[in-house]
Amino acid sequence: MFIRFFKSSFFIQYFVIWLIGLSLWVSAFLSPPGMPAPEEPVPLYHLVYHLLGSFPRLATILGFILVMTQAYWLTTILNRHELILKNSSLSALVYVVMMSLLPGQLTLTPIILVLGFMILTLHHLLISYNRPEHLDRIYAAGFFTAVSSLIYLPFILWFIFVIISFLVFRAGNWRAWMAAFLGLVTPFLYVAAFYFWNDE
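Note that the coordinates shown come from a computational prediction; the quantities given were computed from them, not determined experimentally. Residue positions are counted from 1 within each chain, in the order its sequence is given. With pLDDT at 70 or above as the cut-off, local features in this predicted model cover only qualifying residues; side-chain atom pairs require 80 or more to be listed or tallied, and sums for whole chains, interfaces and linings still use all residues. Each side-chain value is derived from all of the structure's non-hydrogen atoms; neither hydrogens nor water enter the calculation.

**Describing the overall build of the protein**
Selection rule: Helix and strand assignments follow DSSP, with helices taken as H or I runs no shorter than four residues and strands as E runs no shorter than two, numbered in order from the N terminus. Each residue's exposure class comes from its accessible area (1.4 Å probe, protein chains only) as a fraction of the maximum for that residue type: buried when under 20%, exposed when over 50%, partly exposed otherwise. When checking whether two residues touch, look at their non-hydrogen atoms; a contact exists if any pair is within 4.5 Å. The Shrake-Rupley method, run with a 1.4 Å probe sphere, supplies the accessible areas, and residue values consider only the shown protein chains as cover.
Scanning the protein from terminus to terminus reveals nine helices and zero strands. The buried share of the protein, taken over its 200 residues, is 43%. Of all intrachain contacts in the protein linking residues separated by at least 6 positions in sequence, the fraction that spans at least 24 positions is 73%. Summed over all atoms, the accessible surface of the protein reaches about 11500 Å², with 73% contributed by carbon and sulfur.

As structure tokens, this is what we get:
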């Protein structure tokens, strides 16, 4: 009965998902955990931590808003590209529950920030499969993968998924491979130029 309720996608289903999310995050709102300190060479997360690390309640609220927004966005993408057989909100429910299981992670974490870029990358890849001129989308997939790695370094491995998607869904020519690689390299060039300019 509970699962059947979320097999459709209307306002009432998403309203209930928001209520479930609030119930899972209410303890964090009352006693917000601190943001995890950056431990790797991740300049973008260093910036976020510097801005919000002293405001744990604000970080928790922003983390909750991001999780709920990502759940809706991911479900929209899955439905639009017919990766789900039926227009369903069940994927949003699963996403919210899985992202809210660990009490210490109910704040603005690198994982929450990176998952937004992962969904964005997936969106660009899915669009590229249905377009004859897809180099801009492939470049964007590589670009956002690199940006994500500046928040959470192990996410650079997501680029392997981008390459595998070429092999599985399309026989990429050299221009597609080069577009993905240039997208991956571009953010690191900007970061290198910034550190060089500041003599770091």
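**Remarks on the side chain of Ser149**
By secondary structure assignment, the location of Ser149 is in helix H7 (residues 135-149). For Ser149, a relative accessible area of 1% puts it in the buried group. Residues contacting Ser149, with those up to four places away along its chain left out, are Val42, Phe155, Ile156 and Phe188.

**Some points on the nonpolar core**
Put simply, the test is: Nine residue types can take part in a nonpolar core, namely buried Ala, Val, Leu, Ile, Met, Phe, Trp, Tyr and Cys, and a core is a set of them joined through side-chain atoms within 4.5 Å.
Of all hydrophobic cores here, the largest spans 23 residues; its most connected members are Met35, Tyr45, Leu108, Ile138, Phe159, Val162 and Phe166. For this core, the secondary structure elements donating two or more residues are helix H3 (43-52), helix H6 (110-128), H7, helix H8 (158-169) and helix H9 (174-197). No other element matches the five residues that H8 contributes to this core. Counting residues in hydrophobic clusters, the runner-up holds 22 residues, among them Ala28, Phe64, Tyr95 and Val96.

**Some thoughts on the confidence of the model for the protein**
Here is the rule: Per-residue confidence from the predictor is given as pLDDT, running between 0 and 100.
Looking at the protein as a whole, its pLDDT mean stands at 84, while 88% of the residues score no less than 70. Per-element averaging of pLDDT across the protein places helix H1 (residues 2-5) at the bottom with 60 and helix H4 (residues 56-80) at the top with 92.

**Some remarks on helix H2 (residues 11-30)**
How we decide: Each helix should span, by expectation, one fewer than its residue count multiplied by 1.5 Å. By definition, a residue's bend is the angle between the axes fitted to the seven residues ending there and the seven starting there.
The terminal C-alpha atoms of H2, which comprises 20 residues, lie 28 Å apart, in line with the 28 Å expected from a rise of 1.5 Å per residue. Considering bend angle alone, the principal kink of H2 is centred on Leu24 and spans about 45°. All of the buried residues in H2 are Gln13, Tyr14, Ile17, Gly21, Trp25 and Ala28.

**What about the environment of Pro36?**
With respect to the secondary-structure elements, Pro36 resides in the loop between H2 and H3. Relative accessible area serves as the criterion here: at 28%, Pro36 is assigned to the partly exposed category. For the pair Pro36 and Thr107, spaced 71 residues apart in the sequence, the C-alpha separation amounts to 8.8 Å. For Pro36, the contacting residues outside a window of four places in its chain are Tyr45, Tyr49, Thr107, Leu108, Thr109 and Pro110.

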